[in-house]
Amino acid sequence: MVQTAAPNVSYEQWGEKRPVTLDAAGALETPDGRVKPNTGQTIEDLKAIGDESESLASWQSRNGIDPSRQIKIVKVSHMRYQHADLDVIVKFLIDFGMCIAHKTDDEIWFRGYGPDQYVYYARRGTEKKFLGGAFEVETYGDLEKAATIPGASDITEMKEAPGGGHIVTLQDPEGFLVNLIYGQTPAPQSAFPQKVIYNNVHDKPRIRKFNRFTPGPAAVHKLGHFGLCVQNFDAMVEWYTKNFNFAPTDFLYVPMPNDDAKSTSGKKIKDVAVFTHIDRGEDPVDHHTFFMTTNKTTHVHHCSFEVHDYDTQQLGHQWLAKEGYTSVWGIGRHILGSQIFDYWWTPDMNMIEHYADGDLVNKDTPVGWGSAGHESLAVWGPEVPQWFLE
Ligand SMILES: [Fe+2]
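Just so you know, these numbers come straight off a predicted model, no measurement behind them. (Residues numbered from 1 in each chain as written. Predicted model: local features only at pLDDT ≥ 70, side-chain atom pairs only at ≥ 80, totals over all residues.)

## Concerning the sheet that holds strand β10 (residues 166–171)
Taken together, the eight strands give an open sheet; going across it, the order is β5-β6-β7-β4-β8-β11-β10-β9, and neighbouring strands pair in mixed fashion. Pairing within the sheet leaves two strands with one partner each, and these edge strands are β5 (99–103) and β9 (156–157). Both β10 and strand β11 (residues 177–182) contribute to a ladder of six bridges, which runs antiparallel. Among the inter-strand pairings, Q171 is bridged to a residue of β11, identified as L177. Helix α3 (residues 86–96) rests against β4 (73–83), β6 (107–111) and β7 (120–124) of the sheet, and its axis sits at about 160° to β7. (Pairing = 2+ DSSP bridges. Helix = DSSP H or I, 4+ residues; strand = E, 2+ residues; numbered from the N terminus. Contact = placed C-beta atoms within 7 Å. Axes fitted to C-alpha atoms, helices over the stretch in contact; angles between N-to-C directions.)

Structure representation (structure tokens):
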């Protein structure tokens, strides 16, 4: 049973009452008030982001960021959580589309079919705990550099983890753990799902071929992103973007008319959320790998895993529903990042997402700003539930 907030309910976020419905956010109103068919188009990043933007190089120089001093992250690798009941999380993650790569009495490593040895690490503990995301860095030297940041752990060899490698764990200014790994051997190649051919009205390449699907979990490819609810937003943005090659793709802001207002855009607005990508220069990377949003409390918001396509995702949604798990929000289509999303609660109430069909960016994609007041979480999908915003 999908639970959402009743229509016309509002919820306070970023200092404003915000309606918890899609139509109140404008998504169901036609721009000029006349009823016209909907449209969809694929447009250049520069055009999609529009005038409220700035080049990444300019944003970095204005904010005193020297990319040559950053610890270089290659990609996000896996999530790390502690759970009170490992049996329950095993059943859930298998229904979510992962497999067990390796286990001991108190630790389990779960894999997808992508290039990583594992995408989710679970440790047994007396209570549930968020142990941070893990990012793969370019060189062992990056681990050594990270180990000099105040509060960092020593470099430790991961003897039991599939693919081995070394790990350093840092603490960000708000106390979240940040894990950096290096030296993991690539996973043996797994079979990828077949590309399903779609016919649309003017392009029908599927002739005398029929689409057939089998029910089951949506197989997870890789970890795509995760995000944090924070209170010291400016300090957190500074820490992440100075120390590492996290580059903002989009900021959301609220207006701040007084002279004290500050924003990394330099305007009289206050940034309240950021979606960041991993800056790999010319190479295309996911629109966001790590995001932060201001909130009354400090906690992890969700982590998100990529699945093959829309049908895979729908079948996976159906599977999780059949197994009796609780949907948070979905299936719908985000605006920033364009992903098709589907959020669920784990049995111990962590939020976890399947996504498909996300945008890619690179160093030439400008940093964009959008009003958090005209919230643009989704263009279609069920009403936004209140608990998604908490
Ligand atoms: Fe997400």
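There is more to say, and it comes next.
## Details of the pairing of strand β20 (residues 351–356)
Burial analysis of β20 places six of its six residues in the buried class, the great majority of the element. Burial along β20 is two-sided: M351, E353 and Y355 facing one way and I352, H354 and A356 facing the other are all buried. Bridge analysis of strand β17 (residues 299–306) against β20 gives four bridges, and the strand direction is parallel. By the bridge assignment for β20, C303 is matched with I352. Connecting strand β19 (residues 340–345) to the antiparallel partner β20 that follows it, the hairpin turn spans five residues, and M349 within it adopts a positive phi of roughly 65°. (Buried ≥ 20, exposed ≤ 12 C-beta atoms within 10 Å, placed from the backbone.)

## Comments concerning the sheet that holds β20
In space, the 11 strands of this open sheet follow the order β3-β22-β13-β14-β16-β12-β17-β20-β19-β18-β23, with mixed pairing throughout. Lying at the two open borders of the sheet, with one neighbouring strand each, are β3 (53–54) and β23 (378–380). Bridging between strand β18 (residues 327–334) and β23 involves two bridges; their strand directions are antiparallel. Across the sheet, residue H334 finds its bridge partner in β23, namely A378.

## Quick look at α3
For α3, the set of buried residues is I89, F92, L93 and F96. Buried residues of α3, seen end-on, are gathered within an arc of 95° and therefore sit on one face of the element. Those residues of α3 hidden inside the fold are in contact with β4, β6, β7, α6 (310–322) and β20. Once α3 finishes, G97 follows within two positions and takes phi at roughly 115°, a positive value. (Arc of directions from axis to C-beta.)

It is worth stressing that arrangement in space is one thing and function is another; only the former is reported here.
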